[in-house]
Amino acid sequence: MKKMLLVYNPKSGKGQIRFSLSKIIERFSAADYDVTVYPTKAAMDATEITRARAADYDMIVCSGGDGTLDEVVTGLMESGIHRPIGYIPAGSTNDFASSVGIPRQMERAANTVVEGRVFQSDIGRFNGSDYFVYVAAFGLLTDVSYQTKQELKNVLGHAAYIIEGVKRLGSWRSYSIQFESEEMSGSGDFIYGMVANSHSVGGFKGLPGTDIELDDGLFEVMLVRTPGDLLDWQKMLSALLISEESNDNVIRFKTRRLVVRSKEPLAWTRDGEDGGEHLEVELENLPRVLDIMTGEMPETAEGQLAEVKNQEEIEPEALEVELEDVSQKQESGDFSHPFRKKLSGNFADVVRLLKEDGEIPEFEALVEYLGTLFGSETEA
C-alpha cells in the first residue's frame, strides 16, 4: 500500500475543509493510499513537516491557499526529496490551482490527485534559498489583488485590479529600482513589479500576460511605472487590459533570471505571503522541478471550459457557453475571462460597486474613460 501525507490548513477558506475531510480521506483510501493527516498549527508548519517527513511518503498532498502550497513546496525543495504533490485548493484566490486545471471544489480536486496526470511545472528561487510557486511581487498593488471585491472581478476582469488601485492614489508610494536580466535591463520609478509563472494573479486571469507556458523555464515579468497623471493612468489601464507586450507605462518581458536592486529596503511578497524587505533580490527560474497532479490544463479549449465550470461564482446560465466559442478565443489570443463580453451589459453594476466604496479621486473621469474603452454609457 502506498503512503500519503495530507497536510491541511484548518483555517483556509473559513475552515471549509472540515465539511469534506472525511470524504477526501475515503477517496484516497479507496485509491490504495495509507493516509497520514496533519493539520497545520502555525506559519511555516507545513514547511517543517514536509521537510522532515517527505522521505517517508510516496505522495504529499496539501489543502489550503496558495500560501500553504508555497510552504509545502518549500519544504520539499529543502528536503532534497523528489515526490509528486497533490493540491486541494481552499483559499480565496487559488491562482496556481486554476492555472494547472485543478478544480476548486474539494472532492473533485481529491479525484484529480488520484486520477489526474503529473505535470512538471517550473517554480522560482528567491535570493538563493527561498522559493515561490508562481509569483513574487513588490509594491502597493501586491495587496490590491487580494482585497478587490470578487463581484467586481467577475464583472470587469483584471481591470478591477487597476480600479481598486486608483482609489489609493493619495497613498501610492513610488520605488526607485534597477532591474537586470539577459533580455532587458533598466531603471526608474515604479509602483509595482511582478515575476510570475501563472495564468492569473490575485484572481485576475490574464494579468501576467498571454502566451504563458508553466514549464518553459521562463518567468513573465511585469513592471508598472509610477503614473504622473490621469492620462498615464489611462495608458497603463489600456496596456494591462489588452496585455500589450510593453509600452512606456508597463514593461513586460520573459526571462529565466532577474535581479532587482533598490535604494531602500523593498517589501516583497511570495505567493501572496510576506517575503521580507530586501535591497537586492535575485529571482531564478527552476525548470520543471515541481511534479503536481493536474487536470485539464487551461491553455487548451477543453481546459478553459473545465476551468469555467469550476468557478463557483459564475451564473448557471453562463455554463452553457459552447466549446467552439472558447476555442475561438484561444485562436484569437484572448485568454481573458470567457465572459468578458458581459461587460457592456453590466457596466452600471461596475459604477455601483465603485460608488459603494466611497470617494474615489477623479471618479467621473475614470468612469467616462472606462465607458469609452468598453463601448458603454452610464452616468457617474
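What this report covers is the structure whose coordinates are included nearby. These numbers come from a predicted model, not from an experiment. (Residues numbered from 1 in each chain as written. Predicted model: local features only at pLDDT ≥ 70, side-chain atom pairs only at ≥ 80, totals over all residues. Heavy atoms only, no water.)

### Things to note about the overall build of the protein chain
1) Next: Looking only at helices and strands, the protein chain features 13 helices and 15 strands.
2) Next: Once local pairs closer than 6 in sequence are excluded, the contacts in the protein chain between residues at least 24 apart make up 72%.
3) Next: Accessible surface computed for the protein chain: about 16,100 Å², of which carbon and sulfur atoms make up 46%. (Helix = DSSP H or I, 4+ residues; strand = E, 2+ residues; numbered from the N terminus. Contact = heavy atoms within 4.5 Å. Areas by Shrake-Rupley, 256 points an atom, 1.4 Å probe, with all protein chains shown as cover.)

### Thoughts on the environment of Ala137
1) Next: Structurally, Ala137 is set in strand S7 (residues 135-139).
2) Next: In this structure, the C-alpha to C-alpha distance between Ala137 and Asp271, residues 134 residues apart in sequence, is 8.4 Å.

### Observations concerning the pattern of salt bridges
Note that side chains of opposite charge can pair when their charged atoms are close.
1) Next: Applying the stated criterion across every chain, the model contains 11 salt bridges.
2) Next: Glu220 serves as the salt-bridge partner of Lys254, at 2.5 Å between the closest nitrogen and oxygen. Of this pair, Lys254 sits in strand S13 (residues 250-255) while Glu220 sits in strand S12 (residues 219-225), and the two are 34 residues apart along the sequence.
3) Next: Residue classification places Glu220 among the buried residues on the basis of a relative accessible area of 3%. (Salt bridge = Lys/Arg side-chain N within 4 Å of Asp/Glu carboxyl O. Buried < 20%, exposed > 50% of the residue type's maximum accessible area, 1.4 Å probe, protein only.)

### Quick look at the packing of helix H1 (residues 21-30) against helix H5 (residues 106-115)
1) Next: One can describe the packing of H1 onto H5 by two numbers: an axis separation of 10 Å at closest approach and a directional angle of 20°. Considered as vectors, H1 and H5 are oriented roughly parallel to each other. Between H1 and H5 lies a crossing of right-handed hand. The segment H1 lies against H5, with Lys23, Ile24, Arg27 and Phe28 engaging Met106, Glu107, Ala110, Asn111, Val113, Val114 and Glu115.
2) Next: Looking at the contact of H1 with H5, its residues break down into six nonpolar, one polar and four charged. (Axes fitted to C-alpha atoms, helices over the stretch in contact; angles between N-to-C directions. Parallel < 35°, antiparallel > 145°, perpendicular 65-115°, else oblique. Left-handed = near helix turned anticlockwise from the far one by under 90°. Nonpolar A, V, L, I, M, F, W, Y, C, P; charged D, E, K, R; others polar.)

### Side note on the packing of aromatic side chains
1) Next: Going through the model one piece at a time under the given rule, you end up with six aromatic pairs.
2) Next: With a centroid separation of 6.2 Å and an interplanar angle of 85°, the aromatic rings of Phe179 and Phe190 are classed as edge-to-face. With Phe179 in strand S8 (residues 175-180) and Phe190 in strand S9 (residues 186-196), this pair connects stretches of sequence that are 11 residues apart. Pair check on accessibility: Phe179 and Phe190 agree, each one buried.
3) Next: When the ring of Phe179 is compared with that of Phe253, the centres are 6.1 Å apart and the planes differ by 25°; the resulting orientation is stacked. Taken as a pair, Phe179 in strand S8 and Phe253 in strand S13 lie far apart in primary sequence, 74 residues in all.
4) Next: Under the relative-accessibility criterion, Phe179 is labelled buried at 2%. (Phe/Tyr/Trp six-rings, centres within 6.5 Å; stacked < 30°, edge-to-face > 60°.)

Take it as geometry only, folks, not as evidence of what the structure does.
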